[in-house]
Amino acid sequence: WHHRRGRPQASASLADLCYDNEEPYYPRRRTVAPETVLPDYLAAADSIAQACQNSGRDLSGDPPLPARFAHLRWFPLPAEAMEALRGRSESFQIPTVLRPRAV
């Protein structure tokens, strides 16, 4: 399996290696966005959820999940998420804070 965007860029490579007093080290990199971008991320997520909900796409084709792995799953499959967004799910409920806002 390969993601449609290809392989992700490595978080560190040998080209990033630095030496200080003969000891190799990697410079510290923070890959965490500041908290100030959270409203933008939530707005983008809300927009994506609304678009999915209004798309009319049939997401009932979730792949079969072997019973021996079902107990490990903590997330909804796409069809379960869509049904929960539409308020028709018995098996999975989306927490209120994650539901898209009514337009």
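Here is a short report on the structure shown in this document.

What counts, and where the lines are drawn
Residues numbered from 1 in each chain as written. Predicted model: local features only at pLDDT ≥ 70, side-chain atom pairs only at ≥ 80, totals over all residues. Heavy atoms only, no water. Helix = DSSP H or I, 4+ residues; strand = E, 2+ residues; numbered from the N terminus. Buried < 20%, exposed > 50% of the residue type's maximum accessible area, 1.4 Å probe, protein only. Contact = heavy atoms within 4.5 Å. Areas by Shrake-Rupley, 256 points an atom, 1.4 Å probe, with all protein chains shown as cover.

## Here we look at the overall build of the protein chain
1) Next: Counting its regular elements, the protein chain contains 3 helices and 2 strands.
2) Next: Ordered by position from N to C terminus, the α and β elements of the protein chain give β-β-α-α-α.
3) Next: A burial count over the protein chain gives 12% of its 103 residues as buried.
4) Next: Put simply, of all contacts in the protein chain between residues at least 6 apart along the chain, 28% involve residues at least 24 apart.
5) Next: Accessible surface computed for the protein chain: about 9,600 Å², of which carbon and sulfur atoms make up 56%.

## Describing helix α3 (residues 78–85)
1) Next: For α3, the set of buried residues is A79, E80, M82, A84 and L85.
2) Next: For α3, the elements touching its buried residues are α1 (38–55).
3) Next: Just beyond α3, the residue with positive phi is G87, at close to 75 degrees.

As far as function goes, none of this settles anything; it's purely spatial.
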